[in-house]
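Fold and geometry: a report
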Amino acid sequence: MLIDTHAHLTDVRYEGAGEIISNMDADGLERVISVGFNEFSSAYSVKIAEQNPKIYAAVGIHPSDAADVGQGYLGTLAELCDSVKCVAVGEIGLDYHYDDTDKRSQMRVLIEQLELVRSVNLPAVFHVRDAYGDFYDVIKKYRSNLTAGAVMHCFSGSKETALTYADMGFYISFSGSITFKNSKAAEIIQALPLDRILIETDCPYLAPTPHRGELNYPKYVRYQAEKIAEVRGLPVEEVIEITRQNAYRAFPRLN
Ligand SMILES: [Zn+2]
């Protein structure tokens, strides 16, 4: 059975995600982790998780939301981490993709959340885009905060970067972008140890080929498993089983 380790079930287009959740068995989905990107979506993800046995949550402030955080946000996130259904702090990180990014706020909020990671002893789920250099400097300094490990979500860096983080014990998570025609992920997938690889959809974004451009759904995580199976020359069922076991190892509260 499949595990989608990174989905945004709180998106309005899913209208509460009732239909996605009730179809999980039929879709071959065992677990979905709904990931927060601000205070509201974090609290909402925990609420959905507490109401549905197969849904889990991650809570955090996305770098693109860092400039807008309220004063008490760390306390709110810490309380949400008390839920047994909260498996990680994330998504947190750095994103310099847009020209108007407030790098100072991003850095401050990332470092504050790395203190939270240490105090709650949960894995961190990192979002890094066009910022791998600065992010590496932060990780070198705060690596000891990652007491429960870390995931590089929707990995978009180089092979060397992927191997560096894999060597540090991080998991490298692949989204639907690996199925795109121009993707350079194959050489990364080829080089990584299989026990470091996770799959995700990042839905509603990044629907994989052949659904590219459409609304994405957790069930489409199968396409990522198929792509990895193709690159590694393995049966898809084996990739599904390996990534399933990796997910339970990466997120100890997932069960
Ligand atoms: Zn995401």
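Presented here is an overview of the structure given in this document. (Residues numbered from 1 in each chain as written. Predicted model: local features only at pLDDT ≥ 70, side-chain atom pairs only at ≥ 80, totals over all residues.)

**Quick look at the nonpolar core**
Of all hydrophobic cores here, the largest spans 81 residues; its most connected members are Ala 58 and Val 89. The element contributing the most residues to this core is strand 4 (residues 86-95), with six residues. Setting aside its immediate chain neighbours within four residues, Ala 58 contacts Ile 33, Val 35, Gly 36, Cys 86, Val 87, Ala 88, Val 89, Gly 90, Glu 91 and Val 125. (Core = buried A, V, L, I, M, F, W, Y, C linked by C-beta atoms within 7 Å. Buried ≥ 20, exposed ≤ 12 C-beta atoms within 10 Å, placed from the backbone. Helix = DSSP H or I, 4+ residues; strand = E, 2+ residues; numbered from the N terminus. Contact = placed C-beta atoms within 7 Å.)

**Points about the pairing of strand 3 (residues 55-59)**
Taking burial as the measure, the five residues of strand 3 include five buried ones, the bulk of the element. In this structure, strand 2 (residues 29-35) lies alongside strand 3, joined through four bridges in parallel fashion. Its bridge partner being in strand 3, Ile 33 is matched across the sheet by Tyr 56. Regarding topology, helix 2 (residues 39-51) serves as the crossover connection from strand 2 to the parallel strand 3, and that connection is right-handed. Pairing between strand 3 and strand 4: three bridges, direction parallel. The residue bridging Val 59 from the neighbouring strand is Val 89, located in strand 4. (Pairing = 2+ DSSP bridges. Right-handed = clockwise from strand over helix to strand, strands pointing away.)

**Looking at the environment of Ala 186**
Its location among the elements puts Ala 186 in helix 7 (residues 185-191). Expressed as a C-alpha distance, the spacing of Ala 186 and Phe 155, which sit 31 residues apart in the sequence, is 12 Å.

**Examining the packing of helix 3 (residues 73-81) against helix 4 (residues 103-120)**
The contact between helix 3 and helix 4 brings their axes to 11 Å, and the two run at 30°. The orientation of helix 3 relative to helix 4 falls into the category roughly parallel. Judged by the sense of rotation from one axis to the other, the crossing of helix 3 with helix 4 is right-handed. Between helix 3 and helix 4, the residues in contact are Leu 74, Leu 77, Ala 78 and Cys 81 and Glu 112, Leu 116 and Val 120, respectively. Of the residues assigned to the contact of helix 3 with helix 4, the class counts are six nonpolar, no polar and one charged. (Axes fitted to C-alpha atoms, helices over the stretch in contact; angles between N-to-C directions. Parallel < 35°, antiparallel > 145°, perpendicular 65-115°, else oblique. Left-handed = near helix turned anticlockwise from the far one by under 90°. Nonpolar A, V, L, I, M, F, W, Y, C, P; charged D, E, K, R; others polar.)

**Concerning the environment of Ile 55**
Looking at the secondary structure, you find Ile 55 in strand 3. Remark: the alpha-carbon pair of Ile 55 and Val 221, spanning 166 residues in sequence, is separated by 15 Å. When neighbours within four sequence positions are excluded, Ile 55 is seen to be in contact with Leu 9, Ile 21, Val 32, Ser 34, Ile 48 and Ala 49.

**Digging into unusual backbone geometry**
Residues Cys 203 and Pro 204 are joined by a peptide bond in cis, for which omega reads 15°. Checked against the element boundaries, Pro 204 lands in the loop between strand 8 (197-199) and helix 8 (221-232). Here the amide bond leading from Thr 209 into Pro 210 is cis, since omega sits at 15°, within 30 degrees of zero. As for its placement among the helices and strands, Pro 210 is situated in the loop between strand 8 and helix 8. With a phi angle near 70°, Ala 17 is a residue other than glycine that sits in the positive phi range. Note on placement: Ala 17 falls in the loop between strand 1 (2-7) and helix 1 (18-22). Positioned with a positive phi, Asn 121 is a non-glycine residue whose angle comes to about 55°. Inspection of the secondary structure assignment puts Asn 121 in the loop between helix 4 and strand 5 (124-129).

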